[in-house]
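Next come the chains, spelled out residue by residue.
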Amino acid sequence: MRTNETERETTVTTAVFGSEEMQKSAPTDRIPQHSTTAEIAYRMVKDETYAQTQPRLNLATFVTTYMDEYATKLMNEAIAINYIDETEYPRVAVMCAKCINIIANLWNTPEKNKWKTGALGIGSSEACMLGGVAAWQRWRERRTAQGKPCDKPNFVISSAYQVVWEKFAQLWQIEMRTVPLTKEKLTLCPEDVIARCDENTICVVPIQGVTWTGLNDDVEAIDKALDEYNKKTGYDIPIHVDAASGGFILPFLEPEKKWDFRLKWVLSISTSGHKYGLVYPGLGWVIWKDKKYMPGAMSFSVNYLGAEISQVGLNFSRPAAQILGQYYQFIRLGFEGYKAIQQSSMEVAKYLHKQIGSMHPFKNYSDRVNNPLFIWQMKEEYAQNSKWTLYDLQDILKQSGWMVPAYTMPANIQETVVMRIVVRQGFSRDMADQLLTDIAGAITQLEKLEYPTTSRIAMDKKEKVKSSVFTHTGKNK
Ligand SMILES: *Cc1c(COP(=O)(O)O)cnc(C)c1O
């Protein structure tokens, strides 16, 4: 019952835009007192999201923004399934195990068991955490057996790490030893890694598809350097490869390249099923080289779901739809389908890399394109006389719907502002041409400026310019 006589009662016959709700702001602090119709609620929620970037024009994200209709249908149909209820949905658990097998084999696992050792995550972040925690526990077990202290663990990674590794370090209190990138060393240098290792190093984390640059750390060289170091010292420092992007690029485009379980010290690898695994958000994977590398202490048993089940993961409940999506993509595309899609993203990325690198204000960060993403910067000579920065370009491109992020590089080269494009399935050569036209148009417009922009002034004052959208650590999605 409404208490206020002047309020209109919303009924199923109320026209959406004739309703009282549409005359009021949507709730911010408190749950509304009365119910409304589904249609009105839908409209209010939907309309709040209108002004956002169209997902496929978002060239900042690595995460899948296109799946075909059958994949979408399958995933929508599975929306009510909680993965953890393995007893009720045993087929989903088996499907997950099959995905783990398929990925383990793409990464050349030597494991002979029928079911390979791995776990599902909500993304690479959870998968990285699990890989890191396993390395930490193995190190602790070994140290404890030797009667040595376990209070000062550390791991070694490039300063171009994704923010999850900062979380890992903070949450588990494990020292993160970073190797700074320099203008000459664009990826993790093996000698610099070894210089930071000691008896307390739980693992080294090379990245395949470095979030900041798109390049690959040289895992084979790091493995070789570690092998010598471990032989010399008697340590067993292993490698966890953070292959968030590269894990689904390398097996298809560079199958000969050794970065995976073919290397001696690579004991675990993580990836994002929702990046180049081609599934909508909410999926990560971690695989161990063998069951013996996944500490038993990480597996927890519960008996109240109708059977004794064991579970590895930080989350308990989680959506199952992504598993159906991943398994569907494996069947639908096959090796050749994945290869064709990744190849196509790579071609578009290389095309954009070449075109943008030859625009007069710009130069590419690297000549290499290891993954379908790259960064570029302003030429120093051009920057000295220009009235604008890449942040201004980001703003102008936004007006045509594109999200192309500008950001500063990590420690040591943090004065360098770059811009990044991540090419994903769904970004065609034709769209690339439209983007190039928009970039060229924006440059023409910016070059007509009579006065420097605020970001230019700020940068000249050597102030740290922070993009309103992307902060130093938060941007790396
Ligand atoms: C994206 C990314 C992550 C985090 O992955 P999510 O799937 O977003 O959790 C970790 N490491 C690297 C190198 C990444 O690119």
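Basis of the calculations
- Residues numbered from 1 in each chain as written.
- Predicted model: local features only at pLDDT ≥ 70, side-chain atom pairs only at ≥ 80, totals over all residues.
- Heavy atoms only, no water.
- Salt bridge = Lys/Arg side-chain N within 4 Å of Asp/Glu carboxyl O.
- Buried < 20%, exposed > 50% of the residue type's maximum accessible area, 1.4 Å probe, protein only.
- Helix = DSSP H or I, 4+ residues; strand = E, 2+ residues; numbered from the N terminus.
- Near = heavy atom within 4 Å.
- Polar contact = N/O pair within 3.5 Å; in protein donor to acceptor, adjacent residues only side chain to side chain.
- Areas by Shrake-Rupley, 256 points an atom, 1.4 Å probe, with all protein chains shown as cover.
- Nonpolar A, V, L, I, M, F, W, Y, C, P; charged D, E, K, R; others polar.
- Domains from an automatic or database assignment.
- Pairing = 2+ DSSP bridges.
- Right-handed = clockwise from strand over helix to strand, strands pointing away.

## Points about the pattern of salt bridges
Side chains bearing opposite charge may pair, as long as their charged atoms lie close to each other.
Move 1: Counted by the stated rule, this structure contains 19 salt bridges.
Move 2: The partner of Lys185 in a salt bridge is Asp192, and the shortest N-O contact between them spans 3.1 Å.
Move 3: The partly exposed category is assigned to Lys185, whose relative accessible area is 35%.
Move 4: Among the residues examined, Asp192 registers a relative accessible area of 19% and is labelled buried.
Move 5: Note that Asp227 is salt-bridged to Lys231, the shortest N-O span being 3.1 Å. With Asp227 and Lys231 both in helix H7 (residues 219-233) and four residues apart, the pair spans about one turn of that helix.
Move 6: One network of salt bridges, in which partners are shared, links Glu175, Arg177 and Asp198.

## Topic: the site of the ligand
Move 1: As a structural note, the neighbourhood of the ligand is formed by 13 residues, with Ser124, Ser125, Asp242, His274 and Lys275 the closest of them.
Move 2: Contacts to the ligand include His274, whose side-chain N or O atom sits 2.6 Å from an oxygen atom.
Move 3: In the environment of the ligand, an oxygen atom lies 2.8 Å from a nitrogen or oxygen atom belonging to the side chain of Lys275.
Move 4: Burial of the ligand by the protein chains amounts to 92% of its free accessible area of 380 Å².
Move 5: Grouping the constituent residues of the shell around the ligand by class yields three nonpolar, eight polar and two charged.

## Concerning the domain arrangement of the protein chain
Move 1: Domains assigned within the protein chain are domain 1 (2-51), domain 2 (72-330) and domain 3 (342-472).
Move 2: The C-alpha centroid of domain 2 is placed 46 Å from the C-alpha centroid of domain 1.

## Some points on the pairing of strand S3 (residues 175-179)
If a strand is regular, its side chains alternate between the two faces of the sheet.
Move 1: Bridge analysis of strand S2 (residues 154-158) against S3 gives five bridges, and the strand direction is parallel. Bridge pairing in S3 places Asn154 opposite Glu175.
Move 2: On the question of chirality, the crossover connecting S2 to the parallel S3 by way of helix H5 (residues 163-172) is right-handed.

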